[in-house]
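Coordinates in review
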Amino acid sequence: MSQMTLIDAIRAAMDEEMARDERVFLTGEDVGPRGGVFRASQGLYDKYGGTRVVDSPLAELSIVAVGIGAALADLRPICEIQFADFIHPAFNQIVNEAAKMYYRSNGEWRVPLVIRCPYGGGIAGGLYHSQSVEAFFTHCPGLKIVIPSTPEDAKGLLKSAVRDPNPVLFFEPKKGYRAIKGEVPEGEYFTPIGKARVAREGRDLSVFAYGMMAHYATIAAERVAEQEGIDVEVIDLRTLLPVDRESILASVQKTGKALIVYEDNRTMGYGAEVAALLADEGFEFLDAPVRRLTGPDVPGVPFNHGMQEFFMPNPDKIAEAIRELAGY
Amino acid sequence: MAAAQQERAAARLGESTLMEIYRVMLLSRRLDERSWALHRQGKIAFHISGMGHEAAQVGTAFAINRTVDYVHPYYRDLALSLAIGLTPTDFMLSLYAKQGDTSGGRQMPSHFSKKALNVVSGSAPVATQVPQAAGLAFAIKYRQQMGLVDPNDASQPRLALTCLGEGSTSQGEWHEAMNWAGVHKLPMICVVQNNIYAISVSVDQQMAVRDVADRAAAYGIEGVVVDGNDVLASYEVAHEAAQRAYNGDGTTLIEAKTYRIVPHSSDDDDRSYRTREEVAEWKAKDPILRFQKWLLNEQILTDARVQELEAEVKAEVDQAQAAAEAAPDPAPEAALGDVYAPVEG
């Protein structure tokens, strides 16, 4: 085992996959000599050269579309969208093209494409460097949506994503790029797409979260265990699409209570689907209303620090929501 | 210019290929006409037509390495698709949305696709295929640069061909694709089939320049205008474009000036936006009749052979229609299939 940050683990996954398979290449804005604005690809240009680490024009639509074309030609592109906030020009290519290609060609044409995309708030990014965009895409069958919260998962999931024959959106909680550190196994391993992870076992209440919020939920769970003796189970969803229904239902069957935490806007966010699943198939397990702790329904995360912190869920707010639900 | 182009093209192609080109154009036209009739008879739900575009499409197709080079067509490319190797039965199955259709009955007709021929499935939002074609061309160049393929190996794709209408060049997708093509000097041919109308909106409402091809200069790629109703000229410019791509000299933007002699689709009525006189004028410039006349004049074709070919093509269309009508519908539950490709290993 070695200690890594989240972003080190992402870089290590790309490095391993590029070393293994000559079809794997990276493109996006500033991914070349600069190594990406977050340094996700630092050193890869020097190691693999400009043919495989390609600075794209400043145009997200075609970063994705060229990736789709290259994937159709059986390469294995990793496309970086610099911030999730900038993915919207590529929405048509992702939703109408990548997601539908296999279906519309009766299973003939595949799009083995990875779109890496830093997302999330709390980093003084304002409206356009803080967005959580996962809910737009989790509504879209044909895509796989992955969000890691630990270095171990980031590496294992990204390697699985590169080898997946389908388009995978790989959202990275950028606030955790260097803030989240953890052990990463030596040698090659894969984390399966489609399986949630029990981040902390518990009996009293289930918290469902992903990305930075899964990290925070684990901190909050330890705190309430220590302070109030509340035994929280934290499920790090890791894959949002396809939905891991079994893991969600199994946890609530055990605890009877569910809190869903996401930093996206509340309404129609990912938690709505988790809540609907529980209402539909987990109704008899429930001892309390399903609760959501989320960002508010406002157009964006404000730049002002106080307003930003007001917007963002954090360990304190999660601990408070846990206490409230535990006491129901 | 046109005469010289025709001469060069004819010399390069030879008589039997010239006849093959004529046959594909005729087949496309008769298949297209039958589709309109089937729609009027209430047998099919929708048809979108390429009538009038046959010369631009077939001339282009014969200039590339058909079935090997990548083709990412648009919805008017019936003649192009037939020239690459899709069959009338493939098309009829898509019209009827029957089992055996290359989309499995999921797509509306004229979304041509066949992996075995390297024809890529397209969608309906226009110009989406163009930056993907740049990606296909990018992959070709990537493999060559990585030493994974020999750039002269004709068994491998060496260019990506894509088509669209002039109206679709208003999309940002097209601009971004041309920019990639120029920056990366991609082995690509982009054929804009300029038929003057985007459904009802005339070209002067789409762009302030007369020729789409003028824009090539802004992307650092070659731009050329061709009479899209002249199949030999269309072949010749596409041939030059293909050689440019094969030789590592980058992308060509071809603007084929042509005309759609029928409404946009079976749901359109073109009387609201263009005069009958204008349509009649273009019908008189029909690309198939024009090529037929040239072939007769060159004594490559005879009147008797024209009649025989008409009969052969009609039989082929009849057969395709019968095959589609006899084919079963896909199972309704097939709506649930092919959402995700299976993960192997």
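Residues numbered from 1 in each chain as written. Chains lettered and ligands numbered in written order. Predicted model: local features only at pLDDT ≥ 70, side-chain atom pairs only at ≥ 80, totals over all residues. Heavy atoms only, no water.

**Details of the overall build of chain A**
The condition is simple: Numbered from the N terminus, helices here are DSSP runs of H or I no shorter than four residues, and strands are runs of E no shorter than two. It is over C-alpha atoms that the radius of gyration is taken, and the globule rule equals 2.2 Å times the number of residues to the power 0.38. With a 1.4 Å probe rolled over the protein chains alone, any residue whose accessible area is under 20% of its type maximum counts as buried; one over 50% counts as exposed, and the rest are partly exposed. Contacts are assigned to residue pairs that have any heavy atoms within 4.5 Å of one another. Per-residue and other accessible areas follow the Shrake-Rupley method at a 1.4 Å probe size, with only the shown protein chains counted as cover for residues. Counted as positive: Lys and Arg. Counted as negative: Asp and Glu. His and the chain ends are not counted at all. Here the site of a charge means NZ on Lys, CZ on Arg, CG on Asp, or CD on Glu.
Counting its secondary structure elements, chain A contains 13 helices and 14 strands. For 328 residues, the compact-globule estimate of 2.2 N^0.38 gives 20 Å, and the C-alpha radius of gyration of chain A, at 19 Å, lies within 12% of that figure. Expressed as a percentage of the 328 residues in chain A, the buried residues total 63%. Sequence-distant contacts in chain A: of pairs separated by 6 or more residues, those separated by 24 or more amount to 83%. Within the structure as shown, chain A displays about 11700 Å² of accessible surface, and the carbon and sulfur contribution to it stands at 52%. Of note, chain A has its 34 positive side-chain charges centred 2 Å away from the centre of its 46 negative side-chain charges.

**Describing the domain arrangement of chain A**
How big an interface is tends to be reported as the loss of accessible area on association of its parts. Residue and element names in this part refer to chain A. The condition that has to hold: As annotated, the domain borders come from an automatic or database domain assignment. Once two parts are joined, some of their accessible surface, as seen by a 1.4 Å probe, is lost; buried area is that loss totalled over both. Salt bridges are counted wherever a side-chain nitrogen of Lys or Arg sits within 4 Å of a carboxyl oxygen of Asp or Glu. We call two N or O atoms a polar contact when they sit within 3.5 Å, provided that within protein one can donate a hydrogen and the other can accept it, with sequence-adjacent residues counted only if both atoms are side-chain atoms.
In terms of domains, chain A is made up of domain 1 (2-184) and domain 2 (197-326). On a C-alpha basis, the centroid separation for the pair domain 1 and domain 2 is 25 Å. Facing the 31 residues of domain 1 at the interface are 24 residues of domain 2. A buried area of about 2100 Å², summed over both sides, lies between domain 1 and domain 2, and 59% of it is on carbon and sulfur atoms. Joining domain 1 to domain 2, the criterion identifies two salt bridges. Of the charged contacts, one joins Arg197 and Asp153 as a salt bridge, the two residues approaching to 3.0 Å between their closest N and O atoms. At the junction of domain 1 with domain 2, the criterion picks out 10 residue pairs in polar contact (both at pLDDT 80 or more).

**Quick notes on the interface of chain A and chain B**
What counts, and what does not: Residues were grouped as follows: Ala, Val, Leu, Ile, Met, Phe, Trp, Tyr, Cys and Pro as nonpolar; Asp, Glu, Lys and Arg as charged; and all remaining residues, including Gly, as polar.
In this complex, chain A contributes 47 residues to the contact, which on the side of chain B involves 44 residues. Summed over the shared surface of chain A and chain B, the number is one salt bridge. Across the pair Arg110(A) and Glu344(B) runs a salt bridge whose closest N-O atoms are separated by 3.6 Å. For the pair chain A and chain B, the interface holds 26 residue pairs in polar contact (both at pLDDT 80 or more). Of all elements in the fold, only strand E2 (24-28), strand E3 (53-55), helix H3 (60-72), helix H4 (91-98) and helix H5 (101-104) of chain A reach the threshold of two or more residues within the side of chain A that touches chain B. If one sorts the elements of the side of chain A that touches chain B by residue count, H3(A) sits on top with nine residues. Of the residues contributing to the side of chain A that touches chain B, the split by class is 23 nonpolar, 13 polar and 11 charged.

**A short note on the packing of aromatic side chains**
Selection rule: Working definition: a ring pair exists when centres of Phe, Tyr or Trp rings (six-membered ring for Trp) sit within 6.5 Å. Plane angles under 30 degrees give stacked, over 60 give edge-to-face, the rest tilted.
Using the criterion set out here, one finds 20 aromatic pairs over all chains in the structure. Ring plane angle 45 degrees and centroid distance 5.3 Å describe the contact between Phe25(A) and Tyr142(B), whose orientation is recorded as tilted. With one member in each of two chains, Phe25(A) in strand E2 and Tyr142(B) in helix H6 (residues 129-145) form a pair that bridges those chains. Take Phe25(A) and Tyr142(B): they sit in the same class, and that class is buried.

**Observations concerning the sheet that holds strand E2 (residues 160-165) of chain B**
Residue and element names in this part refer to chain B. Let me state the cut-off plainly: Two strands are counted as paired when DSSP detects at least two bridges linking them. To get an axis, fit a line to the C-alpha atoms, keeping to the stretch in contact for a helix; angles then go from 0 to 180 degrees between the N-to-C directions.
Spatial ordering of the open sheet is given by E1-E2-E3-E7-E6, a layout of five strands whose pairing is parallel. In this open sheet, the two edge strands, each paired with only one partner strand, are strand E1 (70-72) and strand E6 (222-227). Here the strands of the sheet are splayed against their neighbours by 20 degrees on average, with no regard to which way each runs. Relative to E2, E1 runs parallel, the two being bridged by three bridges. Pairing of Val71 across the sheet is with Leu161, part of E2. Packing of helix H7 (residues 172-183) onto the sheet brings it into contact with E2, strand E3 (188-194) and strand E7 (252-257), and relative to E3 it is tilted by some 145 degrees.

**What to know about the sheet that holds strand E11 (residues 232-236) of chain A**
Residue and element names in this part refer to chain A. Taken in spatial order, the five strands of this open sheet run E9-E11-E10-E13-E14, and their pairing is mixed. The two strands at the open ends of the sheet, each matched to only one other strand, are strand E9 (197-200) and strand E14 (291-295). If you compare each strand with its neighbour and ignore which way they point, the axes differ by 25 degrees on average. Direction of pairing for strand E10 (residues 205-209) relative to strand E13 (residues 258-265): parallel, over a ladder of three bridges. Across the sheet, the residue bridging to Phe208 is Ile260, located in E13.

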